[in-house]
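Examination of the molecular architecture
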Amino acid sequence: MSLIGKKVSDFTVNAYHDFEFKTISKADILGKWSVFFFYPADFTFVCPTELKDLADKYDELQEIGCEVYSVSCDTHFVHKAWQDASETIKAIKFPMLADPTGALARDFDVMIEDKGLAERGTFIVNPEGEICAYEVNAGNVGRNADELFRKVQAMQFVAKYGDRVCPAKWTPGKDTLKPGLDLVGKI
């Protein structure tokens, strides 16, 4: 069953952000675009490469009104320890959400029950708290923050201009399409 259009359930979790512990809830995501970036675990191999790539794109995501939340089933204490121990993870400026019970991972349907870990799931959530795009990768394949950024831009565009759609590889400033009978069989 698709998660497109699913409203994110109410949640309150601990987070490590800006060198302190914080609480993040559903109320914090409403009214703005969000990315939930699930990964299996801190102190691993592919995860830090993805999080660094995302950290490098974070300022651009912020500029377009999108907050990023990385999420693993580790605690906020482990997130702090990882950031203290790793030069790569020190670059992270976005909130690192702790999901030790797996409640968020289950809500986004990325929990690996027999391992107590989350899949590599990326979710774009609109300001109404609805999932509008997502991707889940096998644990041994990292993601690309440039493509995620492009997808957020495309989702924002179609949310603003409901009568237009974005073709493959669309980027801001490129042509969009206006669905209609005149385009059928002509693309």
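Since this is a predicted model, take the numbers as computed values, not measurements. (Residues numbered from 1 in each chain as written. Predicted model: local features only at pLDDT ≥ 70, side-chain atom pairs only at ≥ 80, totals over all residues. Heavy atoms only, no water.)

1. Concerning the side chain of Arg-143
Our working rule: Numbered from the N terminus, helices here are DSSP runs of H or I no shorter than four residues, and strands are runs of E no shorter than two. Think of a polar contact as two N or O atoms within 3.5 Å of one another; within protein, one of them needs to be a possible hydrogen donor and the other a possible acceptor, and neighboring residues in sequence only count if both atoms come from side chains. Residue contacts follow a heavy-atom distance rule, with two residues in contact if any of their heavy atoms lie within 4.5 Å.
Looking at the element boundaries, Arg-143 is found in the loop between β9 (131-137) and α6 (145-160). Polar side-chain contacts of Arg-143 include one of 2.8 Å to the backbone oxygen of Phe-38. In this structure the side chain of Arg-143 is engaged in a polar contact, spanning 2.9 Å, whose partner is the side chain of Thr-122. In contact with Arg-143, not counting residues within four places along its chain, are Phe-37, Phe-38, Tyr-39, Glu-50, Asp-53, Arg-120, Gly-121, Thr-122 and Asn-137.

2. A closer look at the UniProt feature "active site" (unreviewed entry) in the protein
Applied cut-off: UniProt positions are given in the numbering used here, feature names are shortened, and annotations may be inferred rather than shown by experiment.
In the numbering used here, UniProt assigns the feature "active site" (unreviewed entry) to Cys-47. Within the fold, Cys-47 resides in helix α2 (residues 46-63). When sequence neighbours within four positions are dropped, the list of residues in contact with Cys-47 reads Tyr-39, Pro-40, Ala-41, Trp-82 and Arg-120.

3. Here we look at the pairing of β9
As a reminder of what qualifies: Strand pairing is assigned whenever DSSP identifies at least 2 bridges connecting the two strands.
In this structure, strand β8 (residues 120-125) lies alongside β9, joined through six bridges in antiparallel fashion. Paired with Gly-121 across the bridge in β9 is Val-136. Linking β8 to β9, which pair antiparallel, is a turn of five residues; within it Gly-129 sits at a positive phi near 85°.

4. Quick word on the packing of α2 against α6
This is how it is decided: Where helices are involved, their axes are fitted lines through C-alpha atoms of the stretch in contact, as for all axes, and angles between N-to-C directions lie from 0 to 180°. If an angle is under 35 degrees, it is roughly parallel; if it is over 145, roughly antiparallel; if it lies from 65 to 115, roughly perpendicular; otherwise it is oblique. Two helices that cross are described as forming a left-handed crossing if the nearer one is turned anticlockwise from the farther one by less than a right angle, and a right-handed crossing if clockwise. All amino acids are sorted into three groups, where Ala, Val, Leu, Ile, Met, Phe, Trp, Tyr, Cys and Pro are nonpolar, Asp, Glu, Lys and Arg are charged, and the leftover types, Gly among them, are polar.
Following both chains from N to C, one finds α2 and α6 inclined at 30°, their axes separated by 9 Å at the closest point. Taken as axis vectors, α2 and α6 run roughly parallel relative to one another. The way α2 lies across α6 gives a crossing that is right-handed. In this structure, α2 uses Asp-53, Leu-54, Lys-57, Glu-60 and Leu-61 to contact α6, whose residues at the interface are Ala-145, Asp-146, Leu-148, Phe-149 and Val-152. In terms of residue class, the contact of α2 with α6 is built from six nonpolar, no polar and four charged.

5. Thoughts on the state of the cysteines
Note the threshold: For this text, the term disulfide refers to a pair of cysteine sulfurs within 2.5 Å. Using a 1.4 Å probe on the protein chains alone, a residue whose accessible area is under 20% of its type maximum counts as buried, one over 50% counts as exposed, and one in between counts as partly exposed.
Applying the stated rule across the entire model yields zero disulfides. Among the cysteines around Cys-66, which has no disulfide bond, Cys-132 carries the closest sulfur, lying 9.3 Å off. The exposure class of Cys-66 is buried, given its relative accessible area of 2%.

6. Focus on the side chain of Lys-26
Which entries qualify depends on this criterion: Positive: Lys, Arg. Negative: Asp, Glu. His and the chain ends are not part of the count. Throughout this description, the term salt bridge denotes a Lys or Arg side-chain nitrogen within 4 Å of a carboxyl oxygen of Asp or Glu.
Residue position: Lys-26 is located in helix α1 (residues 26-29). No salt bridge forms around the buried Lys-26; measuring N to O, its nearest opposite-charge neighbour Asp-10 is 4.2 Å away. Leave out the neighbours within four places in its chain, and Lys-26 touches Val-8, Ser-9, Asp-10 and Phe-11.

7. Describing the nonpolar core
Note the following rule: Put simply, a nonpolar core is a bunch of buried Ala, Val, Leu, Ile, Met, Phe, Trp, Tyr and Cys residues held in one set by side-chain atoms that sit within 4.5 Å of each other.
Counting 24 residues, the largest nonpolar core has Val-35, Leu-51, Leu-54, Phe-94 and Ile-124 as the members making the most contacts within it. Among the elements that make up this core, the one with the highest residue count is α2 (six residues). Setting aside its immediate chain neighbours within four residues, Ile-124 contacts Trp-33, Ser-34, Val-35, Glu-130, Ile-131, Cys-132, Ala-133, Leu-148, Lys-151, Val-152 and Met-155. In terms of nonpolar packing, the next biggest core, distinct from the first, is built from 22 residues, Leu-3, Phe-11, Ile-24 and Phe-36 among them.

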